[in-house]
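# Tertiary structure, described
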Amino acid sequence: MMICPFCGEGPIYEAVVKENLETIYICAECDTVWKQIRQDTEVTNFANYMRKLKKAALWSELELISIV
Ligand SMILES: [Zn+2]
């Protein structure tokens, strides 16, 4: 299991965003969002990500696949 490098707690879920069907990786504790599970990848957070889609930042907008 991967621990989130930002909050040190995790867990990180692989999830599909229902609105655009994009696969993202999201920390359950601090809502950090990665588009790829790589060190050098762009990082955002769930609120900002969903704001761009004009959707509420609710976990119900996600289909959880698995814990990374
Ligand atoms: Zn975190």
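A brief look at the structure comes next. Since this is a predicted model, take the numbers as computed values, not measurements.

Attention shifts here to the nonpolar core. Core analysis: the biggest nonpolar cluster contains eleven residues, these being Cys4, Ile12, Ala15, Tyr25, Ile26, Cys27, Val33, Trp34, Phe46, Tyr49 and Met50. Counting residues per element, the ones that place at least two in this core are strand 1 (12-17), strand 2 (23-27), strand 3 (32-34) and helix 1 (46-52).

This part takes up the pairing of strand 2. Two elements, strand 1 and strand 2, share five bridges in a ladder whose sense is antiparallel. Note on strand 2: the bridge partner recorded for Val16 is Thr23. A loop of five residues connects strand 1 with strand 2, the two strands running antiparallel in sequence, and Leu21 in this loop sits at a positive phi of about 60°. As judged from the two bridges shared by strand 2 and strand 3, these two strands associate in the antiparallel manner. Opposite Ile26, over in strand 3, you have Val33 as the bridge partner. Hairpin geometry of strand 2 and strand 3 is characterised by an intervening segment of four residues between the two adjacent antiparallel strands and by a positive phi of about 65° at Asp31.

Of all six residues making up strand 5 (residues 62-67), only zero are buried, and the element is barely covered by its neighbours. Alignment of strand 1 against strand 5, held across five bridges, turns out to be antiparallel. Opposite Ala15, over in strand 5, you have Leu64 as the bridge partner.

The rules we used
Residues numbered from 1 in each chain as written. Predicted model: local features only at pLDDT ≥ 70, side-chain atom pairs only at ≥ 80, totals over all residues. Core = buried A, V, L, I, M, F, W, Y, C linked by C-beta atoms within 7 Å. Buried ≥ 20, exposed ≤ 12 C-beta atoms within 10 Å, placed from the backbone. Helix = DSSP H or I, 4+ residues; strand = E, 2+ residues; numbered from the N terminus. Pairing = 2+ DSSP bridges.

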